[in-house]
Structures are given as C-alpha cells and as structure tokens.
Amino acid sequence: MDDHGFVVCAYNRTTEKVDQFLANEAKGTKVIGARSLEEMVQKLKNPKRVMMLVKAGQAVDDFINKLIPLLDKGDIIIDGGNSEYQDTTRRTAELHKKGILYVGSGVSGGEDGARYGPSLMPGGNPEAWSSIKSIFQSIAAKANGEPCCDWVGEDGAGHFVKMVHNGIEYGDMQLICEAYHLMKTALSLTNQEMSEVFEDWNKGELDSFLIEITKDILKFKDSDGSYLLEKIRDSAGQKGTGKWTAVAGLEYGMPVTLIGESVFARCLSSLLDERKHASSVLKGPPSSKYTGDKKQFLEHIRQALYASKIVSYAQGFMLLREAAKVHGWNLNYGGIALMWRGGCIIRSVFLGNIKTAFERNPKLSNLLLDPFFSEAVQRCQASWREVVATGATLGIPLPTFSTALAFYDGYRSERLPANLIQAQRDYFGAHTYELLTSPGNFIHTNWTGHGGNVSASTYQA
Ligand code: 6PG
C-alpha cells in the first residue's frame, strides 16, 4: 500500500514488533506505527479502514470486538486472513446491524504477493467497496494490465472463492507430487533431471507458479551438497482450507473429488509411522520400474497432469456455481479466473484460458464443455489413461490423476450404474425409485414378495 502512495498505520498487539517493523522493513517509507488500537484508530482518516491479518477463528472475533467501541458508523473492517466463509457471513451481518461495513477478503500470494502484488478477493458488505476499491485494485497483481482483484459478492463470497482457490491449490500441488513420484520411482530420474523436466513444462501449457517453484525446489542443494528435498519428512501439513473445500463439496453435493483426494493424500502422508510398519507387511507388484520409453512416458505424465488439472478446475467452478445458486451470489466466473491469473499461488497461463472460456460463454455450465478444454482433454486422454494404468500396475499411488479420470468418465456417461443403487435402496429400505419413463414419480416395489407395499418418504440430503 505504501508503494502505491497510501499512508499505512501499522499495529501489532506485541508492540515491539511495531518498533522493529518501523526500524527495519518500513524504514524510509511513509508507514507510521501505533502502539495501541486506540492510537491506531485515532490516526486513521474517515471512513476508517482497518485491515486485519490474524489467525482464522476466535482471534478474528476478539479483534472485531476490541475495534467496535473505537469505530463509528460507516467505518470499515477488512479481514484479510483465511477465515471460514460462514464466519464472514455472520460477521458481515452482525456488523451491519451496528452500522459498520465488514469485508472478508481472500488474499493470496505468500510473501512475494504481500510485498509486490497479491491476488485479492473481497466480499461482504458491498457498501464498503467504493471506499477500498482504489487501494485494493492498485496494490493487486496485474495480469495483462488488469488488476487481479474485483468485488466478488455479498456475505462470505470473497472467502468462499479464496477457500476454493486453496482447494485447487491443494489439487495442483498433489498433481505435481504424483508426477514427481512417477519420475523418481518409475523412471529413476535424478533431481537435476526432474528439475529440467519441470523447467521444460513451464514453457508450455502448464506454465505456472507452482511448476516454476517445483523446478527450483527439486534442484536446491543443502549446505552439504545433497538435495534438500530428499531430506524432508514426507508428512504434509495443512491449515484447513482444503478440508473446508472438500466439506463444502459434500455440503453442496458437488463432486470436488480431486480436491478431496488431495486432502486425504495429505492425511495419509501424515500416518508416517503406520506407513512405515505397513511397508514391511503389505507387498505390491514385483517391480515399480517403468521399462518402456522414458521420454515418451514423461510426455504422457505431462498430458495426464494437464487433463487432471482441467478436471480439478472444472470441479472447483462447479462448486462455486452451486454455492452461488444457494446463497444468491452473482459470481463473475471470468472475473474470478482473472483474479487468480496473477499474484496468487495457483497463478498460471491456464487461468487465462479459463477467463477466455467464460468470456466466450458467460453461462458456460461446465469448463469441460468449453471447446478449448474439451479438445485439450480429448488430446491428452490416451496419455492420461496410460499413466493411470501404469501407476496401478507399478503400485505407485496416483490418487488425483485417477480420481480425475474417474470423474471424467463418470461425467461423460449417459448412463451410470446408480439405477442399481436405487434398486438396492428400495429393496432393503423401501426408499423408492423413479422409472426412466416417469422422472419425479417415486415408486416402491415389493421385491421379495413379503416386504409389503409401504414405502419410506423420499427426500434428498
Ligand atoms: C495463498 C495460500 C495461503 C495458505 C497456505 C497454507 O493463497 O497464499 O493459499 O493462503 O494459507 O498455502 O495452506 P496449508 O497450510 O493449508 O497448506
């Protein structure tokens, strides 16, 4: 904000941090400091705009409660942390009653984004937007000159979009991990060789921040000259946003299977001791080595990753669309793709293609149905199947590559075996079913001859 000519007042409850910040990072800037909330609020001009970056949950409520007595009607509180979107909806409504305008903004981009331009996804009370728009849009990252920031929608819409961003981030990371696993285990590539593959991939349709950093991570050497990556404990952490996305998928009935698998892959990774024990008991196939043409298989992996990524984003947008329907949010899907195009962790050339797809057809029901993406999946399909089949044969787990393919095959199936589920439900519990010829008309059959004709009521959870 300071870089863009806005005067910022910095506050932290540990006041030494404010002093340290002013004496170091903020030295020579126009940033001023405050040693108490009262002092900070007094130093702000009207309407007062307070942006907090604190841990999601109780800390946010505590901070809001401390601020309320210090603010006037029309002042603005912005939460830039990874808050749970329903919390943001609740806070927006509570503060609205007090005349305070609340904004929950997704902020993505890590340290680099924070310093040189993040992706910003603000939502909440729309009356706040005109007072923060110029700040937010000037500090945001730019993609082809356009800010990676726009008003997302009411209530927790901004945080919902950020949550889905994070879910997709989990998916992208897991897909890259599976590619790495195949390269390392099936193809026995060295870290230097893998880094070169990622460098090459980053020049094409997979061009993205996460592929780029993976290239650097793979070849990074520790002070003893060995590759640092191989010394890191294979137990993934998580702070919750991926889990929330998967939970939202279940709640709204949207199959965000790739995100779900990414979360579970992290959970499985963290069962390190159990895995260690199981590895000595449970046997897999005799060899995990790929014996065919390595170069060709690398291209298969690249295409499998690309096709799976398309499925993942298609699923993410399905979830956004359903939540928008439920909450009455008027989400601009092309605008969301633009917000993610630069500054954030999932930034990529690919998001430019998504933006174009929604511009071509703002009512696009599913990304997979856009001609650009359906053609891309069609083109990658044979490689994708080859990779998933090879992973299964060699005993290398590919949870996201495979779930994406299963989704693709399910989504393109005119007929699925769910008729049998319906029949089973009706057989054992009289849960009723519909005939193909009369949808909406739920009937029950006395399958055994002694089950009677009384049926359970029909409802959808
Ligand atoms: C971002 C990131 C960030 C997230 C971290 C950690 O967009 O800058 O999404 O918001 O908190 O990536 O997430 P996990 O600890 O859950 O991996």
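- Per an unreviewed UniProt entry, the protein carries the name 6-phosphogluconate dehydrogenase, decarboxylating and comes from Coptotermes formosanus.
- Note on the protein: under the UniProt heading Pathway (unreviewed entry), the record states "Carbohydrate degradation; pentose phosphate pathway; D-ribulose 5-phosphate from D-glucose 6-phosphate (oxidative stage): step 3/3."
- Looking at the Catalytic activity (unreviewed entry) heading of the UniProt record, one finds this comment for the protein: "6-phospho-D-gluconate + NADP(+) = D-ribulose 5-phosphate + CO2 + NADPH".

### Comments concerning the nonpolar core
For step 1, the next point in the chain: The biggest cluster of nonpolar side chains holds 84 residues, and the ones touching the most others in it are F160, I301, W340 and F401.
For step 2, the next point in the chain: When residues of this core are assigned to their parent elements, the largest contribution, 17 residues, is made by helix α13 (residues 294-327).
For step 3, the next point in the chain: Once residues within four sequence positions are removed from consideration, F160 is found in contact with Y85, A248, Y252, L319, L320, A323 and W329.
For step 4, the next point in the chain: Listed in part, the 18 residues of the second largest apolar core include C9, V50, I64 and I100.

### A look at the packing of helix α16 (residues 371-394) against helix α17 (residues 399-411)
For step 1, the next point in the chain: Packing of α16 against α17 brings their axes to within 10 Å, and their N-to-C directions diverge by 130°. Taken together, the axes of α16 and α17 lie oblique to each other. For the pair α16 and α17, the crossing hand works out as left-handed. Along its contact with α16, which presents V377, Q378, Q381, W384, R385, V387 and V388, the element α17 presents F401, S402, A404, L405, Y408 and D409.

### Examining the UniProt feature "domain: 6-phosphogluconate dehydrogenase C-terminal" (unreviewed entry) in the protein
For step 1, the next point in the chain: Taking the numbering used here, the UniProt-annotated feature "domain: 6-phosphogluconate dehydrogenase C-terminal" (unreviewed entry) corresponds to residues 158-448.
For step 2, the next point in the chain: Strand forms 1% of residues 158-448 and helix 65%; the C-alpha atoms that close the span are 53 Å apart.

### Examining helix α3 (residues 58-67)
For step 1, the next point in the chain: By the burial criterion, the buried members of α3 are V60, D61, F63, I64 and L67. Seen from one end, α3 has its buried residues packed into an arc of 165°, which puts them on one side. Opposite the buried face of α3, by more than 90 degrees, sit the exposed residues Q58 and K66.

### Considering the side chain of S262
For step 1, the next point in the chain: Relative to the helices and strands, S262 is located in helix α11 (residues 257-269).
For step 2, the next point in the chain: Apart from residues lying up to four places away in sequence, S262 is in contact with Y170, G171, Q174 and T400.

### Side note on the layout of surface pockets
For step 1, the next point in the chain: The computed volume of the second largest pocket comes to approximately 1700 Å³.
For step 2, the next point in the chain: Forming the boundary of the second largest pocket are 43 residues, of which Q174, C177, Y180, D234 and S269 lie nearest the centre.
For step 3, the next point in the chain: Counting residues per element, the ones that place at least two in the lining of the second largest pocket are α7 (157-186), α9 (209-219), α11 and α12 (272-281).
For step 4, the next point in the chain: When residues in the lining of the second largest pocket are grouped by element, the largest group, eleven residues, is from α7.
For step 5, the next point in the chain: Residue composition of the lining of the second largest pocket, by class: 22 nonpolar, eleven polar and ten charged.

### Concerning the site of the ligand
For step 1, the next point in the chain: Taken together, 13 residues lie around the ligand, and S108, K162, E169, Y170 and K239 are the ones closest in.
For step 2, the next point in the chain: The contact in question runs from an oxygen atom of the ligand to an N or O atom on the side chain of N82, over 2.8 Å.
For step 3, the next point in the chain: Here an oxygen atom of the ligand sits 2.5 Å away from a polar atom, N or O, in the side chain of Y170.
For step 4, the next point in the chain: About the coverage of the ligand: the protein hides 77% of its 420 Å² of free accessible area.
For step 5, the next point in the chain: If one sorts the elements of the shell around the ligand by residue count, α7 sits on top with five residues.
For step 6, the next point in the chain: Grouping the amino acids of the shell around the ligand by side-chain chemistry returns two nonpolar, seven polar and four charged.

### Observations regarding the pattern of salt bridges
For step 1, the next point in the chain: Counted according to the given criterion, the structure contains 24 salt bridges.
For step 2, the next point in the chain: Between R35 and D19 there is a salt bridge; the shortest N-O distance is 2.6 Å. A residue pair is termed long-range when its members are at least 10 positions apart, and R35 in the loop between β2 (32-34) and α2 (37-42) and D19 in helix α1 (residues 15-23) qualify at 16 residues.
For step 3, the next point in the chain: In this structure, R379 engages E205 in a salt bridge whose closest nitrogen and oxygen atoms are separated by 3.4 Å. Taken together, the positions of R379 in helix α16 and E205 in the loop between α8 (191-201) and α9 put the pair 174 residues apart, joining distant regions of the chain.
For step 4, the next point in the chain: Its relative accessible area of 37% is what places R379 among the partly exposed residues.
For step 5, the next point in the chain: For E205, a relative accessible area of 21% puts it in the partly exposed group.

Basis of the calculations
- Residues numbered from 1 in each chain as written.
- Predicted model: local features only at pLDDT ≥ 70, side-chain atom pairs only at ≥ 80, totals over all residues.
- Heavy atoms only, no water.
- UniProt positions renumbered as here; feature names shortened; annotations may be inferred.
- Core = buried A, V, L, I, M, F, W, Y, C linked by side-chain atoms within 4.5 Å.
- Buried < 20%, exposed > 50% of the residue type's maximum accessible area, 1.4 Å probe, protein only.
- Helix = DSSP H or I, 4+ residues; strand = E, 2+ residues; numbered from the N terminus.
- Contact = heavy atoms within 4.5 Å.
- Axes fitted to C-alpha atoms, helices over the stretch in contact; angles between N-to-C directions.
- Parallel < 35°, antiparallel > 145°, perpendicular 65-115°, else oblique.
- Left-handed = near helix turned anticlockwise from the far one by under 90°.
- Arc of directions from axis to C-beta.
- 1 Å grid on protein atoms, 1.4 Å probe; cavity = no way out; pocket = protein on both sides within 12 Å on 5 of 7 lines; lining within 4 Å.
- Points joined across faces, edges and corners; volume = space filled by probe spheres on them.
- Nonpolar A, V, L, I, M, F, W, Y, C, P; charged D, E, K, R; others polar.
- Near = heavy atom within 4 Å.
- Polar contact = N/O pair within 3.5 Å; in protein donor to acceptor, adjacent residues only side chain to side chain.
- Areas by Shrake-Rupley, 256 points an atom, 1.4 Å probe, with all protein chains shown as cover.
- Salt bridge = Lys/Arg side-chain N within 4 Å of Asp/Glu carboxyl O.

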